[in-house]
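Below, each chain spelled out in residue letters.
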Amino acid sequence: MGKFAFIATYDNAFNGIRILSSCLKNAGHETLMITFKNQFDYTISDAEPGLPDPVMGTPTGVTQRELDLLVELLVEHKVDYVGLSVVTHFCQVAQLVTKHLRKALPQVPVIWGGIDTTMFPKRAIEQTDIIAIGECELSLVELVAALDAGRSLEGIEGVWFRNANGEIVRNGRPKTLKNLDELPFPDWSWDNYYAISRNTLYPNIITSDGFITPWRRVVMTSRGCPFACAYCFHGSHAVRNNEGFDESVRRRSVDNVIAELKYLRETTPGLTYISFFDEVFTLMPKWIVEFSERYSKEIGLDFSYYTYPKTTKKVYLDALIKCGMQDVVMGVQTGSDKLNRDIYNRTTSKKNVLDAAELINSYGIEYHIDLLGECPLEQEEDYRETVDLMLRLPRPFNIIGVYKLHFYRDYHLTLEAQKQGHELTQVNENTWVAPSRPEYKFWENMFYLAALGRFTSQGIEPFMNCGVLRENQQALDELVVAMQRLQYIIVESVEKKRKDRYIAEMEGDLAKICGVLPVRLWVGLKNALHGGWIDTASRLQDAVPGADQPAGSFDSNIKQVQEMTGISDQALSFFANSKTLRDNPVALEDLVLSLRALYCAPGSGEAITKDEYIRLLETNIAKLRGSRPVKWYIDQRSRKTDDKWLVGGTGKGEWIEDLPDMAAQPTRMYDDTNRP
Ligand code: B12
Ligand code: SF4
């Protein structure tokens, strides 16, 4: 039985590879799963050998040492076959690895599969020995069996190869999978997992700079998408016509998904979060309702999913809100109906986005959106529509990113851009990007400014019209970074957390701990003994002079902007010297009010900064958690699997369903100055 090594580039989630690995294991083979470069490793700038022009905007560098580590790993494990999962963004890395492996391990066939291979099979087969297009759960098992037995690959549907005469043999369409329940669960074992990144081999561990963390797993309940956006592989002419993927939406049974989730919960200590990676999770209302009921009873972990503006409906949210839904990611791309309709082939409008966002917001859920940028087909009026949308979207929401538009080979979008005479730069075999223009960065910053701030439309207008800011990117660059810093804390290398949400969570946590009887008794005792132990009041000082006053004159506002953001004198000078901003004082007034909202703890009435307040909360919680009665209490609680709490102090202890509602009470109950 052959040993098969899968390689993914810049990805450690690779649901596809995990399922293929399970398929091969079930057929009796051994597998390795290798992340070649971690997801957030494409920022290394001194990589050798240099690769073609960067796709991600930064060099996707691979070092000789990393290639050597890969070969050493494959040799050590006596691997018989290598399978590369190729996405178009990183097809240049797949090419480089393949070239290198052909030289270093000529006896090992290198098989390509994945999205890029499926979209561009004729090009893919030029690069390597064997390719498998489309969904390969069936074909790969057949393929490896044939290779093991030394049989011809002729007739294995979806597989292309070169025969003894060097001619390319194309075995037609892959079989389509009708019943996804027949597939095995993805392989989440770590004993066969390796990451190679930053010149190091990381065996059998999850590294911190990928999408997968110890507490998060990804699950797909369906395949396919009913939409056909022009920049997505579902919208590509190639995929729609080259017989690669079955484009119909297929969904697993609720039973099958719940079984996978239970399996994950049992095999993943510390698991707290599920990311559902279906293209559009909110489809098939009956399925969602049944799933939600089962999920809340049998799984109960927090989760997030992707939605589409038009499929964000009450029926889905009513069901999902009850069972752990934490976040929603909604593709927005642009606020311009014209761009959506004419260029991106999206059947969604600005109104649809606003309706969807308002609905999500009415459930108290934070949502995340993504936008597209660097599109030469986008015009000033389109950008302005997006800014307007950002102003109108209900808070809180987060822009995950303004993603650089990639023009893939033969895509309608690519042909259209070329037809309209826009110059595009090829950055790898199958990708082109628009050469950078100052306006791209300017508008990206404007989207963030509108989303992060609390601007009126009159207040944002002068920023959009300001020639000084358009010519000097540094000013908005620094301001936006500072505003993001004010809004978020980085909780791990790939995640940011909204400070307001973090504060609310801690306040709730603190209130819960404080509300329990043993703590109340303990605190009372401590206070009675004059041993005040949480020092808050003395630190509730004015952090921002004048922050409780209305926005002031232009010059004093400029000063406040710098106090709150810490931007450099030079960046500040662009704002200060802008005649447009000076002539329209509402712009700076709105900015200052926006910054205050980001900077100060909400509703405190006192100008304590959020950072300071967070530190206080963290300290207080740490102290309480460290105290003997609380430790005991938490320990007791953790022995219960459900969310009941033990009421102490009654002598025998009694488990209660609901926590005392202390959340409404102020957290500053340990005010040092109140001590008797
Ligand atoms: C979940 C997801 C992510 C997750 C996890 C990544 C992952 N690959 O699992 C995250 C958020 C990290 C992510 C990031 C990115 N993603 Co993404 N992502 C997806 C999504 C929605 C699902 C992936 C999935 O699990 N599919 C289901 C599995 C079963 O299908 P599969 O992976 O294609 O695998 C099957 C076949 O392709 C084949 N196969 C796959 N590998 C191999 C290998 C061999 C040897 C063989 C024989 C067969 C084979 O068999 C598999 C089983 O049937 C897809 C859309 C989609 N439906 O695929 C986009 C998609 C893959 N992402 C895409 C993009 C652009 C990205 C990013 C570049 C975005 C960015 N700007 O950063 C990064 C790149 C990450 C990377 N290095 O791959 C594009 C890729 C387009 C392209 N032409 O390559 C897709 C197709 C979406 C789109 N808009 O078109 N993504
Ligand atoms: S909705 Fe999402 S997955 Fe579907 S075609 Fe559009 S971008 Fe692709």
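For the structure given in this document, a descriptive report is provided here. (Residues numbered from 1 in each chain as written. Chains lettered and ligands numbered in written order. Predicted model: local features only at pLDDT ≥ 70, side-chain atom pairs only at ≥ 80, totals over all residues. Heavy atoms only, no water.)

On to the sheet that holds strand β1 (residues 3-9). The nine strands lie next to each other as β7-β6-β5-β4-β3-β1-β2-β8-β9, forming an open sheet whose pairing is mixed. Strands at the two margins of the open sheet, each flanked by one partner only, are β7 (168-170) and β9 (200-203). Looking at each pair of strands side by side, their axes are set apart by 20 degrees on average, direction ignored. Bridging between strand β3 (residues 81-85) and strand β4 (residues 110-113) involves four bridges; their strand directions are parallel. Looking across to β4, one finds that Gly83 is bridged to Ile111. (Pairing = 2+ DSSP bridges. Helix = DSSP H or I, 4+ residues; strand = E, 2+ residues; numbered from the N terminus. Axes fitted to C-alpha atoms, helices over the stretch in contact; angles between N-to-C directions.)

Right, let's get into the packing of helix α12 (residues 350-362) against helix α13 (residues 380-392). Contact geometry for α12 and α13: axes closest at 11 Å, N-to-C directions at 15 degrees. By the angle between their directions, the pair α12 and α13 is classed as roughly parallel. Crossing of α12 against α13: the hand is right-handed. Packed against α12, whose contacting residues are Lys350, Val353 and Leu354, the element α13 presents Glu385, Asp388, Leu389 and Arg392 at the interface. Grouping the amino acids of the contact of α12 with α13 by side-chain chemistry returns three nonpolar, no polar and four charged. (Parallel < 35°, antiparallel > 145°, perpendicular 65-115°, else oblique. Left-handed = near helix turned anticlockwise from the far one by under 90°. Contact = heavy atoms within 4.5 Å. Nonpolar A, V, L, I, M, F, W, Y, C, P; charged D, E, K, R; others polar.)

So, about the site of ligand 2. Near ligand 2 you find Cys225, Phe227, Ala228, Cys229, Tyr231, Cys232, His234, Glu279 and Tyr308, and these make up its full shell. Taken together, the residues of the shell around ligand 2 sort by class into seven nonpolar, one polar and one charged. (Near = heavy atom within 4 Å.)

The next subject is the site of ligand 1. Around ligand 1 sit 37 residues in total, of which Thr9, Ser85, Thr88, Glu137 and Glu279 are the nearest. In the environment of ligand 1, a nitrogen atom lies 2.9 Å from a nitrogen or oxygen atom belonging to the side chain of Asp11. With respect to ligand 1, the backbone of Phe233 contributes an N or O atom lying 2.9 Å from an oxygen atom. Where the shell around ligand 1 is concerned, the elements lending two or more residues are α1 (15-26), β3, β4, α4 (115-119) and α6 (137-149). Across the shell around ligand 1, the residue classes break down as 21 nonpolar, eleven polar and five charged. (Polar contact = N/O pair within 3.5 Å; in protein donor to acceptor, adjacent residues only side chain to side chain.)

Burial within β3 is extensive, with four of its five residues counted as buried. Sheet analysis places β1 next to β3, joined by five bridges and oriented parallel. Each bridged residue has a counterpart across the sheet, and for Ala5 the counterpart in β3 is Val82. Read from β3 through helix α3 (residues 91-104) to β4, the crossover connection turns out right-handed. (Buried < 20%, exposed > 50% of the residue type's maximum accessible area, 1.4 Å probe, protein only. Right-handed = clockwise from strand over helix to strand, strands pointing away.)

Attention shifts here to unusual backbone geometry. Leaving glycine out, the prevailing phi sign among residues is negative, and the prevailing peptide bond configuration is trans. The amide bond that connects Arg395 to the next residue, Pro396, takes the cis arrangement and shows omega of 0 degrees. Tracing the backbone shows Pro396 in the loop between α13 and β17 (397-404). Its identity is not glycine, yet Asn345 carries a phi of approximately 55 degrees, on the positive side.

Within the largest apolar cluster, 134 residues are counted, with the highest numbers of intra-cluster contacts made by Tyr295, Met390 and Phe463. Take this core: its biggest share by element is ten residues, from helix α15 (residues 438-452). Membership of the second largest hydrophobic core comes to 34 residues, among which are Tyr10, Leu32, Ile34 and Phe90. (Core = buried A, V, L, I, M, F, W, Y, C linked by side-chain atoms within 4.5 Å.)

Helix α22 (residues 569-576) packs onto helix α18 (residues 473-487) with a crossing angle of 110 degrees between their chain directions and a minimal axis gap of 8 Å. Judged on the interaxial angle alone, α22 and α18 are roughly perpendicular. The handedness of the crossing between α18 and α22 comes out as left-handed. In contact with Gln474, Ala475, Leu476, Glu478 and Leu479 of α18, α22 contributes Gln570, Ala571, Phe574 and Phe575. Partitioned by chemical class, the residues of the contact of α18 with α22 number six nonpolar, two polar and one charged.

Before going further, it helps to spend a moment on the environment of Gly114. Position of Gly114 relative to the elements: it lies in the loop between β4 and α4. Between the alpha carbons of Gly114 and Cys136 there is a distance of 8.6 Å; along the sequence they are 22 residues apart. If we ignore the near neighbours within four places in the chain, the residues touching Gly114 are Val86 and Ala132.

Right, let's get into the packing of aromatic side chains. Counted under the stated rule, the structure contains 28 aromatic pairs. Both rings, one in Tyr231 and one in Tyr344, keep their centres 5.6 Å apart while their planes meet at 90 degrees; by these two values the pair is edge-to-face. In this pair, Tyr231 is assigned in the loop between β11 (222-223) and α7 (237-241) and Tyr344 in the loop between α11 (337-343) and α12, connecting sequence segments 113 residues apart. The pair Tyr231 / Tyr344 is uniform in exposure class, with both members buried. Note on Phe277 and Tyr306: the rings are 5.9 Å apart at their centroids and 20 degrees apart in plane angle, and the pair reads as stacked. Taken together, the residues span a long stretch of sequence, with Phe277 in the loop between β13 (273-276) and α9 (285-298) and Tyr306 in strand β14 (residues 302-307) at a distance of 29 residues. (Phe/Tyr/Trp six-rings, centres within 6.5 Å; stacked < 30°, edge-to-face > 60°.)

Turning next to the sheet that holds strand β18 (residues 407-408). Ordered by their spatial adjacency, three strands build an open sheet running β18-β20-β19, and the pairing between neighbours is antiparallel. Each edge of the open sheet is held by one strand with a lone partner, namely β18 and β19 (425-428). Summarising the sheet, β19 and strand β20 (residues 431-433) pair through three bridges and their orientation is antiparallel. Across the sheet, Gln426 pairs through a bridge with Trp432, a residue of β20.

Turning our eyes to something else, we now look at the environment of Leu595. You can see Leu595 is positioned in helix α24 (residues 586-599). Between the C-alpha atoms of Leu595 and Leu486, which are 109 residues apart in sequence, the distance is 8.1 Å. Beyond its immediate stretch of four places on either side in the chain, Leu595 contacts Met483, Leu486, Val561, Met564 and Thr565.

Look at α9: 20 Å from first C-alpha to last across 14 residues, which is about the 20 Å you get at 1.5 Å a residue. Burial in α9 covers these residues: Trp287, Ile288, Phe291, Ser292 and Tyr295. With its buried residues spanning 125 degrees around the axis, α9 presents them on a single face. Along α9, exposed side chains directed more than 90 degrees from the buried face belong to Lys286 and Lys297. Turning to α9, the residues buried within the fold contact β12 (250-251), α8 (254-267), β13, β14 and α10 (314-321). Positive backbone phi, at 70 degrees, marks Gly300, one or two positions downstream of α9. (Expected span 1.5 Å × (residues − 1). Arc of directions from axis to C-beta.)

Another point: the pattern of salt bridges. Within the structure shown, the criterion is met by 38 salt bridges. Taking the shortest distance from any N to any O, the salt bridge between Asp255 and Arg294 comes out at 2.7 Å. Of the two residues, Asp255 is situated in helix α8 and Arg294 in helix α9; the sequence distance between them amounts to 39 residues. Judged by relative accessible area, Arg294 falls into the partly exposed class, the value being 22%. A salt bridge links Arg341 to Asp342; the shortest N-O distance between them is 3.1 Å. We classify Arg341 as exposed; its relative accessible area is 52%. One connected set of salt bridges, linked through shared partners, spans Asp327, Glu366, Lys497, Arg498, Arg501 and Glu505. (Salt bridge = Lys/Arg side-chain N within 4 Å of Asp/Glu carboxyl O.)

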